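Chain by chain, the residues run as shown.
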Amino acid sequence: MWRRALRRRLHFAACFPPLLPLQSHLHLNFRTKAARLCLDDDDDDRCDRRTARGGEPWDRSFRLDKGRGQHLLTNPRVLDSIARLACLRLSDTVLEIGPGTGNLTVRLLQSARRVVAVEIDPRMVESLLSRVSGLGLDDRLTVITGDALRTEFPEFDICVANIPYGISSPLIAKLLYGSGRQSGFRSAVLLLQKEFAKRLVATPGDSEFNRLAANVRLVATVEMLMNVSKKDFVPCPKVDSALVRIQPRNDVPEVDLGEWLGFTRTCFTKKNKTLGAIFKQKKMIAELYKKSKSETKPSKLLVHEEEDYDGDGDSHDENDVTDDFPELDVSEAVQFKEKINGILKSVGYEGKRPSKLSNADFLHLLQLFNQEGILFR
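Here the structure is a predicted model, which means the values were calculated and not measured.

Rules used throughout
- Residues numbered from 1 in each chain as written.
- Predicted model: local features only at pLDDT ≥ 70, side-chain atom pairs only at ≥ 80, totals over all residues.
- Heavy atoms only, no water.
- Helix = DSSP H or I, 4+ residues; strand = E, 2+ residues; numbered from the N terminus.
- Buried < 20%, exposed > 50% of the residue type's maximum accessible area, 1.4 Å probe, protein only.
- Contact = heavy atoms within 4.5 Å.
- Areas by Shrake-Rupley, 256 points an atom, 1.4 Å probe, with all protein chains shown as cover.
- Axes fitted to C-alpha atoms, helices over the stretch in contact; angles between N-to-C directions.
- Parallel < 35°, antiparallel > 145°, perpendicular 65-115°, else oblique.
- Left-handed = near helix turned anticlockwise from the far one by under 90°.
- Nonpolar A, V, L, I, M, F, W, Y, C, P; charged D, E, K, R; others polar.
- Phe/Tyr/Trp six-rings, centres within 6.5 Å; stacked < 30°, edge-to-face > 60°.
- Salt bridge = Lys/Arg side-chain N within 4 Å of Asp/Glu carboxyl O.
- Core = buried A, V, L, I, M, F, W, Y, C linked by side-chain atoms within 4.5 Å.
- Expected span 1.5 Å × (residues − 1).
- Arc of directions from axis to C-beta.
- Pairing = 2+ DSSP bridges.
- UniProt positions renumbered as here; feature names shortened; annotations may be inferred.
- Polar contact = N/O pair within 3.5 Å; in protein donor to acceptor, adjacent residues only side chain to side chain.

Things to note about the overall build of the chain
Reasoning step 1: Tallying secondary structure elements over the chain gives 14 helices and 9 strands in all.
Reasoning step 2: Within the span of the chain, comprising 377 residues, buried residues form 45% of the whole.
Reasoning step 3: Of the contacts formed within the chain by residues at least 6 apart in sequence, a portion of 71% connects residues at least 24 apart.
Reasoning step 4: For the chain, the exposed area adds up to about 19,300 Å²; of that, 49% sits on carbon and sulfur atoms.

What follows is the structure, encoded as structure tokens:
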């Protein structure tokens with residue numbers, strides 16, 4: 001009804017613009033913006049209906065929460081491709097994170113011995129159990145209701161996940177550096193936001209190479225498998241997705257993982273600056289000095305990409321390191337700073353940006369720092 005009235009007002013405004021008072025113009029603009037928002041919602045609904053037609057069944061018995069990243073993959077061809085690319089064996093136990101209503105789960109059950117599904121939404125769990133029971137496959141499905149980041153994973157061979165984009169980084173951290181690593185799984189096939197996936201598979205020298213990619217590549221190999229359109233989901237997300245495969249490495253370098261993670265965090269605080277500039281920041285040097293002089297503490301095993309260091313920012317201030325930390329011994333702090341600069345110059349890395357170094361370069365530099373008593377965890 002209001003759309004018909006809006007069209008009449010627009011037609012009248014086009015024919016007789018001088019006759020509309022200022023207040024009417026403001027009201028008209030407001031209604032026009034509201035109409036655009038409504039049309040955007042209509043586009044999402046049309047996308048959802050178009051995706052649902054010919055896709056997996058979705059009875060809409062409850063409302064999906066976009067804010068929690070609930071987007072069901074409904075394209076049968078994409079679902080079949082994911083199950084195929086998972087390379088399952090009949091003896092495999094599959095860990096599925098975020099099964100939703102079971103569109104992918106039923107395919108995994110056809111190729112694996114057992115599926116353990118972790119789902120946080122009780123409504124999804126009920127729908128999943130009802131569907132699998134109707135197919136007579138419930139004896140091979142175990143459902144854990146809870147947060148995947150806080151749930152202790154059982155032993156598994158393959159991980160398959162269509163996960164909310166917001167937990168992609170901590171989930172990968174848990175798989176590769178947490179309880180998932182102890183399971184000795186064969187591979188993880190993850191559906192991720194496309195831009196995130198591109199950063200994950202970035203290599204040294206790429207403009208997108210980052211701490212996340214460096215940390216993952218230390219312990220695993222990563223490959224892009226396929227792109228997935230946002231139109232293949234209900235409701236439609238705002239961005240496209242990509243499927244990646246992560247395979248733990250058997251030849252992980254011998255390095256203290258806590259030291260490695262602390263070191264890459266330090267190096268990538270400002271990845272577009274040179275290492276020489278990064279290690280001149282006063283607060284960073286002071287913190288490294290205190291870490292190196294105190295007892296080492298267990299570090300949090302995270303592979304998140306970090307924001308820029310919140311110390312002196314871009315400042316390359318050459319003032320005394322103890323200006324902001326008067327409790328430090330002046331002579332020792334100065335020697336510590338000179339030691340760092342000397343190590344960087346000895347390998348010619350003071351002018352290198354972190355995004356241009358390989359993991360072998362980082363490992364060599366970390367070894368030199370540790371040999372001189374400079375610690376990062």
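Observations concerning the packing of helix 6 (residues 168–177) against helix 9 (residues 211–219)
Reasoning step 1: At their nearest, the axes of helix 6 and helix 9 sit 10 Å apart, and the two run at 25° to each other. Judged by the angle between their axes, helix 6 and helix 9 are roughly parallel. The element helix 6 and its partner helix 9 pack so that their crossing is left-handed. The segment helix 6 lies against helix 9, with Ser 169, Ile 172, Leu 176 and Tyr 177 engaging Leu 212, Asn 215, Val 216, Leu 218 and Val 219.
Reasoning step 2: Residues belonging to the contact of helix 6 with helix 9 are distributed by class as follows: 7 nonpolar, 2 polar and no charged.

Details of the packing of aromatic side chains
Reasoning step 1: One pass over the structure, following the stated rule, counts 12 aromatic pairs.
Reasoning step 2: With a centroid separation of 5.6 Å and an interplanar angle of 50°, the aromatic rings of Phe 268 and Phe 362 are classed as tilted. On the criterion of sequence distance, the pair formed by Phe 268 in the loop between helix 10 (257–267) and helix 11 (275–278) and Phe 362 in helix 14 (residues 359–371) is long-range, its members being 94 residues apart. One exposure class covers both Phe 268 and Phe 362, and it is buried.
Reasoning step 3: Feature note: the residues Phe 209, Trp 260, Phe 263, Phe 268, Phe 279, Phe 362, Phe 369 and Phe 376 constitute an aromatic cluster, connected by ring pairs.

Description of the pattern of salt bridges
Reasoning step 1: A complete count under the given rule lists 7 salt bridges for this structure.
Reasoning step 2: Here Asp 80 makes a salt bridge to Arg 107, at a shortest N to O gap of 2.6 Å. With Asp 80 in helix 3 (residues 76–85) and Arg 107 in helix 4 (residues 105–111), this pair connects stretches of sequence that are 27 residues apart.
Reasoning step 3: Given a relative accessible area of 12%, Arg 107 falls into the buried group.

Remarks on the environment of Ser 169
Reasoning step 1: With respect to the secondary-structure elements, Ser 169 resides in helix 6.
Reasoning step 2: C-alpha of Ser 169 to C-alpha of Leu 200: the two residues are 31 residues apart in sequence and 9.4 Å apart in space.

Comments concerning the nonpolar core
Reasoning step 1: Counting residues in hydrophobic clusters, the biggest one holds 61 residues, and the most contacted among them are Phe 279 and Phe 369.
Reasoning step 2: When residues of this core are assigned to their parent elements, the largest contribution, 6 residues, is made by helix 9.
Reasoning step 3: The residues contacting Phe 369, other than those within four sequence positions of it, are Phe 263, Phe 279, Ile 340, Ile 343, Leu 344, Ile 374 and Phe 376.
Reasoning step 4: Of all hydrophobic cores here, the second largest spans 28 residues; its members include Val 94, Leu 137, Val 189 and Met 226.

Here we look at helix 5 (residues 122–134)
Each full turn of the α-helix corresponds to 3.6 residues, which orients residues three or four apart in the same direction.
Reasoning step 1: For helix 5, spanning 13 residues, the distance from its first C-alpha to its last is 18 Å, which sits close to the expected 18 Å at 1.5 Å a residue.
Reasoning step 2: All buried positions along helix 5 are accounted for by Met 124, Val 125, Leu 128 and Val 132. With its buried residues spanning 100° around the axis, helix 5 presents them on a single face. Relative to its buried face, helix 5 has exposed residues pointing more than 90 degrees away, namely Pro 122, Glu 126, Ser 130 and Gly 134.
Reasoning step 3: Here the buried face of helix 5 lies against strand 1 (72–73), helix 4, strand 3 (114–119) and strand 4 (141–145).

What about the side chain of Asn 359?
Reasoning step 1: Locating Asn 359 in the fold gives a position in helix 14.
Reasoning step 2: Apart from residues lying up to four places away in sequence, Asn 359 is in contact with Phe 209, Ala 214, Arg 217, Leu 218 and Trp 260.

Structural notes on the sheet that holds strand 7 (residues 220–228)
Note: strands within a sheet are paired through backbone hydrogen bonds, in either parallel or antiparallel orientation.
Reasoning step 1: What the 7 strands build is an open sheet, ordered 4-3-2-5-6-9-7; its pairing is mixed. Each having just a single partner strand, strand 4 and strand 7 make up the two edges of the open sheet. Between one strand axis and the next, the sheet turns through 20° on average, direction left out of account.
Reasoning step 2: As paired elements, strand 2 (residues 93–97) and strand 5 (residues 158–162) share 4 bridges and run parallel to each other. The residue bridging Leu 95 from the neighbouring strand is Cys 159, located in strand 5.

Quick look at the UniProt feature "binding site: S-adenosyl-L-methionine" (unreviewed entry) in the chain
Reasoning step 1: Listed under "binding site: S-adenosyl-L-methionine" (unreviewed entry) in the UniProt record, and renumbered for this structure, are His 71, Leu 73, Gly 98, Glu 119, Asp 147 and Asn 162.
Reasoning step 2: Judged by its relative accessible area of 17%, His 71 is buried.
Reasoning step 3: In this structure the side chain of His 71 is engaged in a polar contact, spanning 2.7 Å, whose partner is the backbone oxygen of Pro 235.
Reasoning step 4: With respect to the helices and strands, Leu 73 occurs in strand 1.
Reasoning step 5: Residues in contact with Leu 73, not counting those within four places in the same chain, are Val 78, Leu 79, Ile 82, Asn 103, Asn 162, Leu 191, Val 228, Asp 232 and Phe 233.

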